[in-house]
Amino acid sequence: MKKIAAFLIMSAILISGCVSTINPVSPDDVIVSVAPVTVKEFKETDLSVRVSNNATEAIDSVKVASMEPFSVLSGGNVNVPPKTKDGTSSVTLSAKVQAPGFKTAGNTTTMTLSYTSGKDDKGAPVVKTKAIPVQTTVLPDAKLQFVGFVKGIQNITEAEVTTWTIGKGENATITLSVKNEGQTTIDENSLKVFIDVAEKRIGTNKTITITEAMARGGTSYTRGVELPIRKDAPNGETDVNVKLLDNEGHELDSKTLTLKVKL
């Protein structure tokens, strides 16, 4: 009888010590928002991810687990309390990612968050994931070089200056070239330079296409662009904004020059 009693006591202890499972928060109750990402290839950028919990249980250790083809370099993790009678609970999560080559990235990238919630039958936290699409734009890493005014179209390889004084009815000449600072070859006719004369009564805008392909470290030809100054232009000065754009209109680089019109 003593053995039977001991067995019954031990069984009661074991039964009372069993861990019951707790269902984890469903990914449907984890609401995530992140702003569109625009970055040059292989550059790092910081993300700010808003995580809201619409469940009655907390979610813990929320972090950015992946964002292929981006590389997740670092990032913390946050705990998000359960919703209250006043609404969902929200926390901001930060992460640093590195862009891939601009030709390998799509317009949409899947970000995956991981979090722990609930318990399994052994009492261990359950790891769940939430996938969300992120709008991404990866740009070529191209820059303007040798941008400025020169004396004339025949002087485009001479030293350039950022400020130029000119008379009404004359032509101002800008020299410029482009360099590929990235790792991926930039195709011919995929970049353009937009020259914007701020004061339209002084001169008009010009656009040129970069016709050369550029591998890593490659450059375009040095180009000369003439800007006719109106004969009835007011005297004074204006900014001339030189912008390097891709064919979708994303700005890759810019320089500002100053043009002065004399009486």
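As a reminder, the structure under discussion sits directly above these lines.
Residues numbered from 1 in each chain as written. Predicted model: local features only at pLDDT ≥ 70, side-chain atom pairs only at ≥ 80, totals over all residues. Heavy atoms only, no water.

Draft legend 1. Spotlight on the sheet that holds strand β14 (residues 206–210). Reading across the sheet, the five strands line up as β11-β17-β16-β13-β14 and stay open at both edges, with mixed pairing between neighbours. On the outer flanks of this sheet lie β11 (163–167) and β14, each paired with one strand and no other. Strand after strand, the sheet turns through a mean of 25° between neighbouring axes, direction not considered. Bridge count for strand β13 (residues 191–197) against β14 is five bridges, and the pairing is antiparallel. From the neighbouring strand, K192 faces β14, where its bridge partner is T209. (Pairing = 2+ DSSP bridges. Helix = DSSP H or I, 4+ residues; strand = E, 2+ residues; numbered from the N terminus. Axes fitted to C-alpha atoms, helices over the stretch in contact; angles between N-to-C directions.)

Draft legend 2. Region of the structure containing the environment of V193. Residue position: V193 is located in strand β13. V193 gets classed as buried once you look at its relative accessible area, which sits at 0%. The sequence separation of V193 and T175 amounts to 18 residues, and the corresponding C-alpha distance is 11 Å. Once residues lying within four places of it in the same chain are set aside, the contact partners of V193 are L144, L176, V178, K206, T207, I208, I210, V242, K243 and L244. (Buried < 20%, exposed > 50% of the residue type's maximum accessible area, 1.4 Å probe, protein only. Contact = heavy atoms within 4.5 Å.)

Draft legend 3. Local environment of the environment of V91. Looking at the secondary structure, you find V91 in strand β7 (residues 89–98). Aside from chain neighbours lying at most four places away, what touches V91 is V49, R50, V51, V78, N79, V80 and P81.

Draft legend 4. Inspection of the layout of surface pockets at higher detail. Roughly 330 Å³ of volume is contained in the largest pocket. A per-element tally of the lining of the largest pocket places strand β9 (residues 125–139) first, with four residues. In terms of residue class, the lining of the largest pocket is built from seven nonpolar, seven polar and four charged. (1 Å grid on protein atoms, 1.4 Å probe; cavity = no way out; pocket = protein on both sides within 12 Å on 5 of 7 lines; lining within 4 Å. Points joined across faces, edges and corners; volume = space filled by probe spheres on them. Nonpolar A, V, L, I, M, F, W, Y, C, P; charged D, E, K, R; others polar.)

Draft legend 5. Broad picture of the pairing of strand β8 (residues 108–119). Alignment of strand β4 (residues 59–66) against β8, held across four bridges, turns out to be antiparallel. The partner of D60 across the bridge, within β8, is T116. Relative to β9, β8 is paired through eleven bridges, and the arrangement is antiparallel. Within the sheet, the bridge partner assigned to Y115 lies in β9 and is K128. The hairpin formed by β8 and β9 contains five residues between the paired strands, and G123 there has a positive phi angle of roughly 85°.

Draft legend 6. Representation of the sheet that holds strand β10 (residues 142–150) in the model. On the basis of which strands lie adjacent, the open sheet formed by three strands has the order β10-β12-β15 and antiparallel pairing. The outermost strands of the open sheet, each flanked by one partner alone, are β10 and β15 (223–228). With direction set aside, neighbouring strand axes in the sheet form an average angle of 25°. Of the pairings in the sheet, the one linking β10 to strand β12 (residues 171–180) comprises seven bridges and is antiparallel in character. Note on β12: the bridge partner recorded for L144 is V178.

Draft legend 7. Fine view of the side chain of T175. With respect to the secondary-structure elements, T175 resides in strand β12. A distance of 2.8 Å separates a polar side-chain atom of T175 from the backbone oxygen of I156. Sequence-distant contacts of T175, defined by excluding residues within four places in its chain, comprise F146, V147, G148, V150, I156, E160, T222 and R223. (Polar contact = N/O pair within 3.5 Å; in protein donor to acceptor, adjacent residues only side chain to side chain.)

Draft legend 8. Examining unusual backbone geometry more closely. The omega torsion of the bond from E68 to P69 falls at 10°, within 30 degrees of zero and hence cis. Along the polypeptide, P69 turns up in the loop between β4 and β5 (71–75). A positive phi angle, near 65°, is found at F42, a position not held by glycine. Mapped onto the fold, F42 is located in the loop between β2 (37–40) and β3 (44–53). In this structure, N189 is a non-glycine residue whose phi angle is positive, near 60°. Here N189 lies in the loop between β12 and β13. The partly exposed category is assigned to N189, whose relative accessible area is 41%.

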